[in-house]
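The residues making up each chain are set out below.
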Amino acid sequence: MNIFELDDLYVAHTYSRFPLSIKKGHGSVVLDENGKEYIDLGSGIAVNSFGICDEEWIKAVSAQLTMVQHTSNLYYSEPCIKLAEALCIRTGMKMVFFSNSGAEANECAIKAARKYAEDKKGADCFTIITLNNSFHGRTLTTLAATGQEAFHKDFLPLTPGFVHCEPEPEALLKTIFEHKVAAIMFEVVRGEGGVVPMSREFADTIAEVAKNEDILLIADEVQTGNGRCGKLYGYMKYGLTPDIVTTAKGLGGGLPLGVTMLGEKVENVFSPGMNGSTFGGNPVCCAGALSILGRINDDFLAEVEKKSEFVFKMLEGAEGVENVTGLGLMIGIKTKKPAKQVAQECMEKGVLVLTAKDKVRLLPALNIPYELLEKGVNVIKNVCLAE
Ligand SMILES: *Cc1c(COP(=O)(O)O)cnc(C)c1O
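Every value quoted in this text rests on a predicted model; they were computed, and no experiment measured them.

Novice: Talk me through the overall build of the protein chain; I want residue IDs and the actual numbers.
Specialist: Scanning the protein chain from N- to C-terminus turns up 13 helices and 17 strands. Relative to the 2.2 N^0.38 estimate, which gives 21 Å for 387 residues, the radius of gyration of the protein chain is 21 Å and therefore close to what a compact globule would have. Principal-axis analysis of the C-alpha atoms gives the protein chain an extent of 60 × 55 × 45 Å. For the protein chain, buried positions account for 55% of its 387 residues. Considering only residue pairs separated by 6 or more positions, the protein chain has 72% of its internal contacts joining residues 24 or more positions apart.

Shown next as structure tokens:
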């Protein structure tokens, strides 16, 4: 049996995969089983921040691997403590909880918000507002947070306590009036929801109501974070100061790592026993993350912005392209052709792109060379204009 048949037989059918088996790669180039090369404009799903097998990252990860691969959280371990320090210094957040995925990072954020609201405003104040077309994860609680009914329907009942609203000031104010609200949880660019950035006006509204009503702001930066949007975290583009920030995907540079950063209001909500994770803060993952985070500095971020402008310029107004949305190197392309078909044809022509709803979605490695970016985007343009 070949790889595709074995997968069909033995791996749970939760994914609809591209017919491509990735063997290895380097930087933003991926090789399949037959040695055919592809330009990678997805970096996993915004995970391989510095591309495949980045040398500095490998050095950091392998150095840690030769010392100890796991310690449990019963003992102190330097890489995760150093990473927590670096994250707090870079963001102004106060404390970090480590887990292994975006969904887990969000679970911790939700627990922190509920605890804060219960202590401060009473046990009946627990509602968390999230946005229509948001995505926050696959566990039953983060699915409940996810504002897309299509994901809910087969798994009811979900965790109660979530309401969804349009990212518009009036809709938000109405929702706040109708519920006892503990927190507003949001992506500054809804990724899975179609790469849709939040409006300035809505960002200003959430900042204002959060301040006036003592409602916590939870920024889900799982996809938008770690340099993806041209700032270290996407909320920084909007001048927001969230109380809780979650991230995962790109932080580990390819190894699983989730973090929940707690700001001043919530830094002390947890005491021993209230949350935990066996693998959370794994030293190998954290050593890799330190290498990634350390290189996402101002010069590097300016370069991400330049590459973003480069892609927008190439695509805007191109034949077969209706519009281009996103921030930094998180880019959505509304094409005349169905997005899935574009992705399929791009793959056949040696370029890997993702989709989100009806958009083609690009999440290239942040350090992708211009030459590959240009080649890749030209292939997309050609696919878009051909019948
Ligand atoms: C991917 C994603 C998640 C879920 O992350 P997992 O690591 O798959 O659990 C949550 N929120 C956002 C915004 C995401 O893009």
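Novice: Which residues make up the site of the ligand, and what values do they have?
Specialist: All residues adjacent to the ligand are Ser 101, Gly 102, Ala 103, Asn 106, Phe 135, His 136, Gly 137, Glu 187, Asp 220, Val 222, Gln 223 and Lys 249. Here an oxygen atom of the ligand sits 2.8 Å away from a polar atom, N or O, in the main chain of Gly 102. Lys 249 places a side-chain nitrogen or oxygen 2.6 Å from an oxygen atom of the ligand. The protein chains hide 81% of the 380 Å² of surface that the ligand would expose on its own. Per element, the largest residue contribution to the shell around the ligand is three residues, and it comes from helix α5 (residues 102-121). When the residues that make up the shell around the ligand are grouped by side-chain class, the tally is three nonpolar, six polar and three charged.

Novice: Tell me what's going on with the pattern of salt bridges, and back it up with residues and numbers.
Specialist: Tallying each qualifying case throughout the model produces 15 salt bridges. Of the charged contacts in the structure, one is a salt bridge between Asp 119 and Lys 115, with a shortest N-O distance of 2.7 Å. Here Asp 119 and its partner Lys 115 are both found in helix α5, four residues apart, which amounts to about one turn of the helix. The exposure class assigned to Asp 119 is exposed, which follows from its relative accessible area of 52%.

Novice: Please set out helix α10 (residues 283-295) residue by residue, giving values where relevant.
Specialist: Along an α-helix, residues three or four positions apart point the same way, because every turn accommodates 3.6 residues. For α10, spanning 13 residues, the distance from its first C-alpha to its last is 19 Å, which sits close to the expected 18 Å at 1.5 Å a residue. Within α10, 11 of the 13 residues are buried, leaving the element largely enclosed by the surrounding structure. Turning to α10, its buried residues are Pro 283, Val 284, Cys 285, Cys 286, Ala 287, Gly 288, Ala 289, Ser 291, Ile 292, Leu 293 and Arg 295. On its buried face, α10 is in contact with α3 (55-65), α4 (78-91), β4 (95-99) and α11 (298-315). Looking at where α10 begins, the residue whose side-chain oxygen comes 2.8 Å from the main-chain nitrogen of Val 284 is Asn 282.

Novice: An account of the pairing of strand β13 (residues 321-327) is needed here, citing residue identities and associated values.
Specialist: Of all seven residues in β13, five are buried, a share of seventy percent or more. Two elements, β13 and strand β14 (residues 330-335), share six bridges in a ladder whose sense is antiparallel. Each residue of the ladder has a partner; that of Val 324, found in β14, is Ile 333. The turn joining β13 and β14, which pair antiparallel and follow one another in sequence, is formed by two residues; a positive phi near 60° is taken by Gly 328.

Novice: Would you mind going over the nonpolar core in detail, with residue names and values included?
Specialist: Within the largest apolar cluster, 90 residues are counted, with the highest numbers of intra-cluster contacts made by Ile 184 and Phe 186. Leaving out residues up to four positions away in the same chain, Phe 186 has contacts with Leu 131, His 136, Met 198, Ile 206, Leu 217, Ile 218, Ala 219, Asp 220 and Leu 240. In this structure, Tyr 116, Leu 158, Met 185 and Leu 262 belong to the second largest nonpolar core, which totals 19 residues.

Novice: Describe in detail the packing of helix α12 (residues 339-348) against helix α13 (residues 370-385), supporting the description with residues and values.
Specialist: Orientation of α12 relative to α13, taken along the N-to-C sense of each, is 125°, at an axis distance of 9 Å. By the criterion of interaxial angle, the relationship of α12 to α13 is oblique. α13 is crossed by α12, and the crossing has right-handed handedness. Residue-level inspection shows Val 342, Glu 345 and Cys 346 of α12 in contact with α13, the latter providing Val 379, Ile 380, Val 383 and Cys 384. When the residues that make up the contact of α12 with α13 are grouped by side-chain class, the tally is six nonpolar, no polar and one charged.

The rules behind these values
- Residues numbered from 1 in each chain as written.
- Predicted model: local features only at pLDDT ≥ 70, side-chain atom pairs only at ≥ 80, totals over all residues.
- Heavy atoms only, no water.
- Helix = DSSP H or I, 4+ residues; strand = E, 2+ residues; numbered from the N terminus.
- Rg over C-alpha atoms; globule rule 2.2 N^0.38 Å.
- Buried < 20%, exposed > 50% of the residue type's maximum accessible area, 1.4 Å probe, protein only.
- Contact = heavy atoms within 4.5 Å.
- Near = heavy atom within 4 Å.
- Polar contact = N/O pair within 3.5 Å; in protein donor to acceptor, adjacent residues only side chain to side chain.
- Areas by Shrake-Rupley, 256 points an atom, 1.4 Å probe, with all protein chains shown as cover.
- Nonpolar A, V, L, I, M, F, W, Y, C, P; charged D, E, K, R; others polar.
- Salt bridge = Lys/Arg side-chain N within 4 Å of Asp/Glu carboxyl O.
- Expected span 1.5 Å × (residues − 1).
- Pairing = 2+ DSSP bridges.
- Core = buried A, V, L, I, M, F, W, Y, C linked by side-chain atoms within 4.5 Å.
- Axes fitted to C-alpha atoms, helices over the stretch in contact; angles between N-to-C directions.
- Parallel < 35°, antiparallel > 145°, perpendicular 65-115°, else oblique.
- Left-handed = near helix turned anticlockwise from the far one by under 90°.

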